[in-house]
Structure formats: C-alpha cells, structure tokens
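Topology and contacts: notes
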Amino acid sequence: GARLHYVFNKDARGLSLSCHFQSFLPSCSNRFLSSYSLSGDLKAVVRVTSGQVVVWSDRCLKKILDLSALNKHGRVYEDAQFGCLAWSTCESRLLYVAEGKRSIGESYASASSPSAGEPRDKSVYWEDWGEGLTSKSVPVLCVADVAKGTVTVLQGVPSHVSPGQGLWAHDGESVFFVGWWHEPFRLGLRFCSNRRSALFCLDLEGNCECLSGDTSSVSSPRLSPDGRYLVYLEGQVFGPHSQCLSMQQYDLETRKISVLVDVVNRPKKDEFAGLYEALPPRCWASDSQRVVFSSARRNWRQTVQSFSLHSAEKFGSWKLLTIQNDLMVVHCSHLNEAPRLVIQYCGHSYIALGIEVTPIQRAGLCSFPGGPHSQFFAEWNVTTAVLVKLGFAVLMVNYRGSTGFGQDSILSLAGNIGSQDVKDVQRAVLTALADQTAEKLLTLDPDKVVVMGGSHGGFLACHLIGQFPDFYKACAVRNPVINAATLLGTSDIVDWRYSSVGLQYSYDQLPTPEALTTMLQKSPITYAPQIKAPVLLMLGGKDRRVSPYQGLELYRSLKSRGSPVAFVCGGRHSLARVDTQADCFLNVVLWFQQHLYLH
Ligand SMILES: *[C@@H]1O[C@H](CO)[C@@H](O)[C@H](O)[C@H]1NC(C)=O
C-alpha cells in the first residue's frame, strides 16, 4: 500500500519538489475516497468497505469516525457520478454522499437493529442507477463533524431528486449539489450527460432552492476560491448520451446566470471544439477570474485556458487533473509515450515526472471502432502499444458520432447506426491501406486485416464482418450489441435504444412493431449468414448496458451455420478487473495470430 507523495512549492526561484513515501493506507483493495482540506493540513480518508472516516493531520492520526456504528445511513458513495468528499472552509466538517436508510427497512426493523441501509425484506425491488451504479438507489447528503464525531443526514432535498456532487458554500452554512430526477423511474447514469438534473442550494436548516434551470442536464459544479461564482456544465436531456456541453456561471451575489463557454456545433480545424467531459475537481485559478479545464479537440485532448501552455506539442494529449494555488497538475501522454505528470505554473516552468515504442515489421492491420459518444484520444494506450510491439498496425477510428468534433457530428449518428458509422470505419481502413501504398511503405498486408471492439464498437465490428465478409480475416468482440430489438428490454439506457435508430423517447413509451423492425434492421444479426471471419466473443456476466445474451444470439446463429466462433467469459462491461482484462487481451492476440497464420 505504499504510494509516492509529492509536494510542490512555488517561490521566487521557481518550482521545487519534495517526495516521500506515504504508507498509511493499509490496503488499496479497500475502496476509499480521500480529500485534503483547503490549507492542506488535514487529510480525510473514507474507507468505504469498513465504513470509517479517518482524519490525518501532518501524517498523524487525528480522528476516526465509525460510520457503521453511528448507523445514520448505508454505504458511502465512492463513484464519480454522485460521490464527493468535501471539507468545509472552517476545516471541521466533511460533506459526502451515502445510501439513505430505506424506510421499508426501518419500519420492519424498529425492534432489532438492521445493518445500515440494508432493506430487511430482500425480496423488495429497489431501482438503481444502472451499469456501474448497481448498488446505488437513494443517495443522501451527509455531514460529518470531525471535532464532535457526529454525522447528520441533511434534510430538505426535494423528494423528486437524488442528490450528489456536493460542495460547501463559502460560509459553511449551506451546500450546493446536483439533483437528478428519479421519477418516473431511474435510467442508467454512467457515461450519460443527458439525464434531467439541476443545481440546488440547501442550507443546514433544510431550506432548498433550485439555482439553475430545471429542464436540462447539469453536472460538475465548482465554486471559485472567493466563493462568489459557481460554474457548472449543462446539456440537453435525452438524445445522445454524451454530448457537447456548455459551461454556465452562477453569480451568487447578483444571482445571474451567464454562459461562459457555449456548445460548439461545427468547429473549424484548429479551433476550440467544445466541452465533453466533467470538469476537474479543482479548476479555478486563484484570482477567481479564470477556469482551467481540458477538452477534446478532434483526436487530441488539450488544456484550455487564457494563457498558453508551452511544449504542448511535445506531449500529445493533456488532461488537467487539478489546479491549486495556480499550480496545474497535468496528465500527458502520446500514442508512443507512456503517461507522465507535468506540473506547471501559469504558463512557464514545468516539471515532468516520468518508454517509447518502436514499431517492428508489421504483420497485419487491426482496426478498432469505439464509441459511440466517446472517443479515442491520441494518448498512451497500453493495449495498442502491446499490439504494435507484436507487429500489428493499429487503427482506432473516431467515426462521426464520436465526441471532440462538435455537436452536429454527434447528432448525425442518430438514426444512422449500422450504416454511417460502418461506412466511416471502412473508409478509414481503406484510406490507411491506400496511404501506405502511395507512400511505398508496403508494410501493411491488405489480406491480414482484423477487427475488434466492445459494446457499440462490437456492434460495428460485427457489422463490418457481415457487410465486408471477404475483407476481414478475424474478429474479436466484447459484449457487442447484436440485436437492438431484443436489447430494448434489458438495457439500463432504454432511451438510447430509441434515439439511436432516430426515434423520440418518452418514459411511458411502448414498443411498436415498426420501432422493433427498425431496430432489428439496423442490427448486425441480420448479416449473420454472410459472416465468414472467425469470431471470438468475450461476454461478461453482469453488464447492465449490453446484456451478454446479445453475444449469445450471434454465437448460435454462427454455430448453426458452421461458421467458426469461440466464446470466452470476458468480465464486465466497462473496464473490468486487471486479470480479466489481461486474459481477454491474450485470447484476442492468440485468436488473431491463429487466424492470420502468424505462428
Ligand atoms: C485502448 O485501445 C484499445 C484498442 O487497442 C481499445 O479497445 C480501448 O478502448 C482503448 N482504451 C482507451 C481508454 O481508449
């Protein structure tokens, strides 16, 4: 459990750095949250599994709060969607989110004492927030008073929303939070910036007020150091589940909202291309006048600010992790350079903490479609690097519908899945092959092209081998979407099942024969009889977004036609455990090598 702990200082002579081991976290397998107070003097760690809050002061243990014994709520939320751990400015209180006590459990339990948050009657169904948030249903905002050793569950959150992403107002008398509508039922939230939500202010007496509009999707509230401005991200409800967002500013003094950064529909080359991801936990410069964040620009990720970053070109993709006292901590990497941390102070001096991969004679071309509504950055990716080391050229395609290219591009995919995206990827592959022939590189063998992808990328991979049966020599997919009509009943983001085929969604929607037909017609299962490429299916058991039974449908249709197909268990949807990932990777490489006769 030892970690390196770096301390940066800025003085007249520039930046200095000290480093020591930090070994007080007993076990990293214990899921935890941690947070430093503003002065940096106190560090709070929440051990989620054991339900403890531990406060350290200058590396000495100061206080332990046993949340299970206090029994005010269930498990603490450690996810990036709802979770938070925020110190009040007076450095005596902590704000966090936990599973609320369920009233049905309480009424049954009044005689004995149930373990916090667990319903007594296990047969009662509790809606949850879908893939990656399966044990999360009814979040509550909690305040731990470190000195007194007490915990209070805040009252006054409107009953139609679930709170998360909390932070303290400057005076410590109220908190801000994002509330997500959970009526009429909960839809999957992970990777979805299109869920109805709003920004609220709640005082400790229980008075609550909505600060933002209440018909859009709101996230990432961040307060300026002087306590006057709140910035947050805003997007549309429904439609693409990840989209170009605007940055809004709420002035707590004048109570006015203004747009700081607008949605970008069609960025020109070399222009700012819009905002697509959560703001870093700290993003304000100390003057409370500037906000720093990183954002996708075409295939790159860059740090955007009013002063320029030197040597950005050298590193490729930059992701701002945090900024404090005007010191920025940036994660940067290139396709052929492992990630390093760069510390930079307002546009001059920086310190970089830090393999270069040289391609060998190439054996084949491996094409990866990703997304939708996400993207491949030109950044370090260990899977890609190892494939290159093994002799594959790797093409990762940001087809239209990926983020980083403006909102119009994202919207263009709705209704066109299975055709526009498939054509984009195929065209990219043909272009890559043609380019290298034109440049007389001749290292790519057009008879050795394979394809791989997961989720919607798996959907595309299966479409490609179905629509271009002689072109691809092997295929490996992880929890692919195979039949969008049957996926409708099981996916946690049922709204996207409709939007993806160009239909409007509403909560009370019933399937119609026309809608189901459209979904089926756009699905790779219809091409199954044409498929020739051997298919490796990696199916994980607990995926709430794309059920593993999707892959089984393809398995049966290929098996019954004598088409080569193999099936291994591939762990969960979004990045599973390291050992499962390593297993999957080895299976894929062996599959490709075997079917390209590379042994
Ligand atoms: C890394 O690359 C592999 C393909 O080489 C891809 O499947 C995976 O999604 C990539 N990871 C990220 C974070 O882009």
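As shown above, the structure is provided for reference.
None of the values given here were measured: they were computed from a predicted structure. (Residues numbered from 1 in each chain as written. Predicted model: local features only at pLDDT ≥ 70, side-chain atom pairs only at ≥ 80, totals over all residues. Heavy atoms only, no water.)

Along the backbone of the protein chain there are 12 helices and 30 strands. Relative to its full complement of 599 residues, the protein chain shows a buried share of 53%. With the model as given, the accessible surface of the protein chain reaches about 26800 Å², and the carbon-plus-sulfur share is 53%. (Helix = DSSP H or I, 4+ residues; strand = E, 2+ residues; numbered from the N terminus. Buried < 20%, exposed > 50% of the residue type's maximum accessible area, 1.4 Å probe, protein only. Areas by Shrake-Rupley, 256 points an atom, 1.4 Å probe, with all protein chains shown as cover.)

Within the structure, the ligand sits among Phe368, Phe376, Asn381, Thr383, Thr384 and Met396. Contact distances for the ligand include 2.3 Å between an oxygen atom and a side-chain N or O atom of Asn381. Its free accessible area being 360 Å², the ligand has 63% of it covered by the protein chains. Residue classes in the shell around the ligand are distributed as 3 nonpolar, 3 polar and no charged. (Near = heavy atom within 4 Å. Polar contact = N/O pair within 3.5 Å; in protein donor to acceptor, adjacent residues only side chain to side chain. Nonpolar A, V, L, I, M, F, W, Y, C, P; charged D, E, K, R; others polar.)

Both trends apply: most residues other than glycine have a negative phi, and most peptide bonds are in trans. Residue Pro184 is bonded to the preceding Glu183 through a cis peptide linkage, with omega at 0°. Its location among the elements puts Pro184 in the loop between strand E12 (174-181) and strand E13 (197-203). Look at Gln165: it is not a glycine, yet its phi comes out positive at around 50°. Residue Asn479 is not a glycine yet carries a positive backbone phi of 35°. With respect to the secondary-structure elements, Asn479 resides in the loop between strand E28 (472-478) and helix H8 (484-487). Taking relative accessible area as the criterion, Asn479 reaches 2% and is therefore assigned buried.

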